[in-house]
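Close look at the chain arrangement
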Amino acid sequence: INGETHLSKALEAEKKSDNKTVIFELNKARNPFFSNDNFALPLDWHLGKAYYNDGDFKESLYNYKNAYKSNPYSIVVNNDLASTFIKNGKVKEAISQYKEALSISPHYEDARLNLAATYYNIQEYEKAFETIDLCDSNSKNDFYKQILTPIVEKKLNLTLNHINNPNLNSYLKS
């Protein structure tokens, strides 16, 4: 009955990064008749986000998995579940979840960038380059700018090593 009121309080607390209040209010908001916000995001997604921001990645994963069960076609839920898999050391599951988000929305840049970063971090540099290469090169996303350079540098170094031309290598490195 008071789900909307508690959700409103939780969303206000979310703006202030008051994760304890978010968790408290969302737990009071949840009932069999009220499980999503006005944008069809499950309350469990908000709980997962609060626990994630609080550094409790195990509890975050639990809630994001529940959010996924409620709304498996949400690109945001898929992306955030994947990021939480990473924090819990489940890289294969994360890659699969990022790919699922991209199968729903192939141009969803956050999932594509996170997938590229994941490939880079596990030293699958070719896959990282192939993934980031599908992004819009005029992207205004700060994360794109942050990870593009190391990925391209690795790709260039791999290419140079493959070519193995001392004159070309020396020229490009100068």
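Below is a short write-up of the structure.

Reading guide: rules and limits
Residues numbered from 1 in each chain as written. Predicted model: local features only at pLDDT ≥ 70, side-chain atom pairs only at ≥ 80, totals over all residues. Heavy atoms only, no water. Helix = DSSP H or I, 4+ residues; strand = E, 2+ residues; numbered from the N terminus. Rg over C-alpha atoms; globule rule 2.2 N^0.38 Å. Buried < 20%, exposed > 50% of the residue type's maximum accessible area, 1.4 Å probe, protein only. Contact = heavy atoms within 4.5 Å. Areas by Shrake-Rupley, 256 points an atom, 1.4 Å probe, with all protein chains shown as cover. Core = buried A, V, L, I, M, F, W, Y, C linked by side-chain atoms within 4.5 Å. Axes fitted to C-alpha atoms, helices over the stretch in contact; angles between N-to-C directions. Parallel < 35°, antiparallel > 145°, perpendicular 65-115°, else oblique. Left-handed = near helix turned anticlockwise from the far one by under 90°. Nonpolar A, V, L, I, M, F, W, Y, C, P; charged D, E, K, R; others polar.

1. Overview of the overall build of the protein chain
Assigned secondary structure in the protein chain consists of 10 helices and 0 strands. Along the chain direction, N to C, the helices and strands of the protein chain fall in the order α-α-α-α-α-α-α-α-α-α. Expected size for 174 residues packed as a compact globule is a radius of gyration near 16 Å; at 20 Å, the protein chain overshoots this value by more than 25%. In terms of overall dimensions, the protein chain has C-alpha extents of about 75 × 30 × 30 Å along its principal axes. Across the 174 residues in the protein chain, those meeting the buried criterion constitute 39%. Within the protein chain, contacts between residues separated by at least 24 positions form 42% of all contacts whose residues are at least 6 apart in sequence. Accessible surface computed for the protein chain: about 10500 Å², of which carbon and sulfur atoms make up 51%.

2. With respect to the nonpolar core
Nonpolar side chains in soluble globular proteins tend to be buried together. Counting residues in hydrophobic clusters, the biggest one holds 27 residues, and the most contacted among them are Ile132 and Ile147. With 6 residues, the single largest contributor to this core is helix 7 (residues 109–121). Apart from residues lying up to four places away in sequence, isoleucine 147 is in contact with Leu113, Ala116, Ala117 and Ile132. Val22, Leu26, Ala29 and Leu47 belong to the second-largest nonpolar core, a separate cluster that totals 12 residues.

3. Considerations on the packing of helix 7 against helix 8 (residues 125–132)
Helix 8 packs onto helix 7 with a crossing angle of 165° between their chain directions and a minimal axis gap of 7 Å. One way to sum up the angle between helix 7 and helix 8 is to call them roughly antiparallel. Crossing handedness for the pair helix 7 and helix 8: left-handed. Contacts between helix 7 and helix 8 involve Arg112, Leu113, Leu115, Ala116, Tyr119 and Tyr120 on the former and, on the latter, Tyr125, Lys127, Ala128, Thr131 and Ile132. Residue classes in the contact of helix 7 with helix 8 are distributed as 8 nonpolar, 1 polar and 2 charged.

4. Structural notes on unusual backbone geometry
Despite not being glycine, serine 17 shows a phi value in the positive range, around 60°. Structurally, serine 17 can be placed in the loop between helix 1 (3–15) and helix 2 (19–29). A relative accessible area of 57% means that serine 17 is categorised as exposed.

5. What about the environment of isoleucine 75?
Note that isoleucine 75 resides in helix 5 (residues 75–87). Here the alpha-carbon distance between isoleucine 75 and leucine 102, two residues 27 residues apart in the chain, equals 7.6 Å. Contacts of isoleucine 75, omitting those with residues within four sequence positions, involve Ala101, Ile104, Ser105 and Tyr108.

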